[in-house]
Each structure stands twice: as structure tokens, then as C-alpha cells.
Amino acid sequence: MKAPEQYDPSKHNKSDPKVASAQTTKSPALPEGTPSITDTQKKTAHADKKPFLWQFLHPKYWAIWLLMAMILPMIYLPLRWQFWLGRKLGIGIYKVAGSRRRDTMINLSLAFPEKPEAERELMAKQVFVNQGIGVFETLCAWFRPNVFTRTVSISGLQHLVNAQNEGRAVILLGAHYTMLDLGGLLCTQFFATDCMYRPQNNPLLDWFIYNGRTNIFGKQISSRDMRSLVDSINSGHVIWYSPDQDYGLKQGVMAPFFGVPAATITMPRRLAKLGSKKHPPAVIALHTYRQTPDNLPRGKRPHYHLTITPALDNYPSRDEVADATRVNEVLEGLIRIDPTQWMWFHRRFKHGPKGRSNIYK
């Protein structure tokens, strides 16, 4: 059975009102004098960019420079053309990245065993298409943010506002959605946020990504910099943290994710214990979602929706497995709105209860 050309979540989640409403949402035309993204962006600080190092000109980095030289000029094309290029890029990667494609299919077969293989193949292809588009969305978020003016709506903002009005910091549980940094940019239309990140192993990529994100986030806190993290929590900031990848069991526990035992980091419950005892941090989840199709109609702009969940109550508990399970359940429910906008090509289930698994071999 041959898979259709594009996965459409509305055909498989017709009972989901969030998905149903997404099909009719259109961004209005911009009235003259509308404030831009940069006019209304909120930040807690303006971080300095990392300096350029002459070692970045070493021949071992030339491939990265060449890739940048090829892709960066394309972000000045209309968004409709960028989406078309992103689709082609995603399909091309799907065809040539055999190991990533295989990992994606394995993950989807574990998470959606009830779906026929042809549908999972279709979903896998759409994951790569969404990620191809996500490359352009992220680069525009860094360097052309105003193309996204008036393209976002939000629900659940009151949960975050109420927590901050109580003098509480907010641990904002994100996930590795394919738009990634665009989600951060859109959030800053409503509230300032810092983010936690893991430094890249490649120094040039780390320089490039870090400096791009300075245009979005107030502070970027390395996962190794606990002092800056505690300072942000004590200052009552919103800190974006994504706990949806497999970091092993040294700082994690096994908890179900899409019904599959998965190594789940326990950092959120540790963060929830930091800061004020009287006003402890609130743990809230965030979902970022492109509602418009990837084949953007002529004359239309994309539309994105942010969903903020209520704060987890009685969290953390005394049971770290129960806490990890609760976090996974919340993230899973959000990812199911459109599973193809989450990065299934990561090896989410690479560790089992007894250590590293051979499931991807």
C-alpha cells in the first residue's frame, strides 16, 4: 500500500476540537501601523553575543559556512516560497538520511502500534517535511522576526500570569517541536522567558545558535550553570526547559511515554524545589503548533497557536516516578494534537530499565 503525499492529522483526529478549529483559522491582513514582533517583544535582559573566533575559519568548518551561505539568503524569500523549499528539504533528508528515517519509523511503531504501517510511513515523512520548514522558521525567528507579526494566538495564558502575580517563577516545560525557536519568539509576544540549553559539541554551531537565540530569549542558561539558573528562579523569571529527550538514567527514571517505558529526566521536580519556599516555582507545560498547512496558500500567512496548561498541583511529590509519569502524560497529550510536529527522529527510547537498549540496531 502506497502512502499518500501528506499526513493530515485532521483525518485521524476528527473528534479533537483543537485540530478541527485549526482548519479554519486564518491570519487577518495587517492593518497599517500594526506593531511588529520586535516592537512588542518582551525580554528580561539583553544578553551579549558570543565573540567571533578566528578558529572558525579553519577548513574543518568550511562545510558549515557553505551550508549557511546557501540557506541564509533564502530566508529573504516570501514565506510561501520558504515553506515550499522546506518541504523539498525535508523530503530530501527523509530519502537520504537512512538511519534517522529508520529511527523515526521505530519510534512511531512503538508509540502508535494501532496505526497501519502505511500511515506511520506517511507520518514519518511529514515529520521530516515539518522539520525542513522548521529550519526556515527558526532562521527567520533569529534574523527576520517581523515576518511573523500577527500570526499567533494563545490559550491558557492566565495560568502563567496568575503564577507570576503570586510571585512565583515558572518552569515552562517545552518540547522539541519542529519549529523550536520560533515557538520561543512567539512566546515573547506575551511574556519574557529565559531558556535552558545544552551547549553544542561543535563550537561554530554553538556560536551560531547561541547568537541567534539572543534575539529571542533574555538569558540562555547552560545546563551546567546552576548559579545562573537559581538566580533566574529567585528573580521570578519564566524558564523554558524541555525534558522530552532520553538523557539516560543517571539523572532520570523509567516512566511511560506513549505507553513505552522511557528514560525520563527528573530535572523538573528538582527545579520545582528551588527558589522561595513560600512561593515555589510553578511547573507549567507549553505547546507550540503551526495550524496552517505546509503548502501555504497564495496570499496567506501562516498561523501559530500556543497552549499553556494549568500548573501541576501537588508537584513535586515524594515519588519521582509518579512525577516523571505526570510530566510525560502532559507532554504526550500536547504532542498528540499533531504528532508530526514533534521530532520523532531522536532516539527517545534508547535506554531501557537495565541500561542502554539495542532497539535501534
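Summarised in this report is the structure supplied together with it. Since the model is a prediction, treat every value here as computed from it, not as a measurement. (Residues numbered from 1 in each chain as written. Predicted model: local features only at pLDDT ≥ 70, side-chain atom pairs only at ≥ 80, totals over all residues. Heavy atoms only, no water.)

**Topic: the pairing of strand 9 (residues 304–308)**
Alright, step 1. In terms of residue burial, strand 9 counts as a mostly covered element, since five of its five residues are buried.
Alright, step 2. Burial of the side chains of strand 9 extends over both faces: Tyr304, Leu306 and Ile308 are buried on one face and His305 and Thr307 on the other.
Alright, step 3. Examined bridge by bridge, strand 1 (residues 152–155) and strand 9 share four bridges and lie parallel to one another. Note that in strand 9 the partner of Val152 across the bridge is Tyr304.
Alright, step 4. Here strand 8 (residues 282–290) runs beside strand 9; their pairing, made up of five bridges, is antiparallel. Bridge pairing links Thr288 to Leu306 in strand 9. (Buried < 20%, exposed > 50% of the residue type's maximum accessible area, 1.4 Å probe, protein only. Helix = DSSP H or I, 4+ residues; strand = E, 2+ residues; numbered from the N terminus. Pairing = 2+ DSSP bridges.)

**Comments concerning the sheet that holds strand 9**
Alright, step 1. On the basis of which strands lie adjacent, the open sheet formed by seven strands has the order 1-9-8-2-5-3-4 and mixed pairing. Across the chains shown, the open sheet's two edge strands, defined by having one partner strand only, are strand 1 and strand 4 (220–222). In this sheet, adjacent strand axes meet at a mean angle of 25° when their direction is disregarded.
Alright, step 2. Sheet contacts for helix 7 (residues 157–165): strand 1, strand 2 (170–173), strand 5 (238–241), strand 8 and strand 9; angle to strand 2, the most-contacted strand, approximately 155°.
Alright, step 3. Helix-sheet contacts for helix 12 (residues 320–335) involve strand 2, strand 8 and strand 9, and the interaxial angle to strand 8 is about 20°. (Axes fitted to C-alpha atoms, helices over the stretch in contact; angles between N-to-C directions. Contact = heavy atoms within 4.5 Å.)

**A word on a nonpolar patch on the surface**
Alright, step 1. A cluster of nonpolar residues, Phe52, Trp54 and Leu57, forms a patch on the protein surface that exposes about 370 Å² of accessible area.
Alright, step 2. Along the polypeptide, Phe52 turns up in the loop between helix 2 (37–40) and helix 3 (62–71).
Alright, step 3. Taking the relative accessible area as the measure of exposure, Phe52 reaches 34% and is therefore partly exposed. (Patch = residues over 30% accessible without salt bridge, like charges linked within 9 Å, V, L, I, M, F, W, Y side chains within 5 Å. Areas by Shrake-Rupley, 256 points an atom, 1.4 Å probe, with all protein chains shown as cover. Salt bridge = Lys/Arg side-chain N within 4 Å of Asp/Glu carboxyl O.)

**Remarks on empty space enclosed by the protein**
Alright, step 1. Summed over all chains, the structure comprises two cavities of 30 Å³ or more.
Alright, step 2. Of the voids in this model, the largest cavity is the one considered here, and its volume is about 40 Å³.
Alright, step 3. Lining of the largest cavity is provided by Leu173, Val283, Ile284, Ala285, Thr309, Pro310, Leu312, Val327 and Val330.
Alright, step 4. Counting only elements with at least two residues in the lining of the largest cavity, the list comes to strand 8 and helix 12. (1 Å grid on protein atoms, 1.4 Å probe; cavity = no way out; pocket = protein on both sides within 12 Å on 5 of 7 lines; lining within 4 Å. Points joined across faces, edges and corners; volume = space filled by probe spheres on them.)

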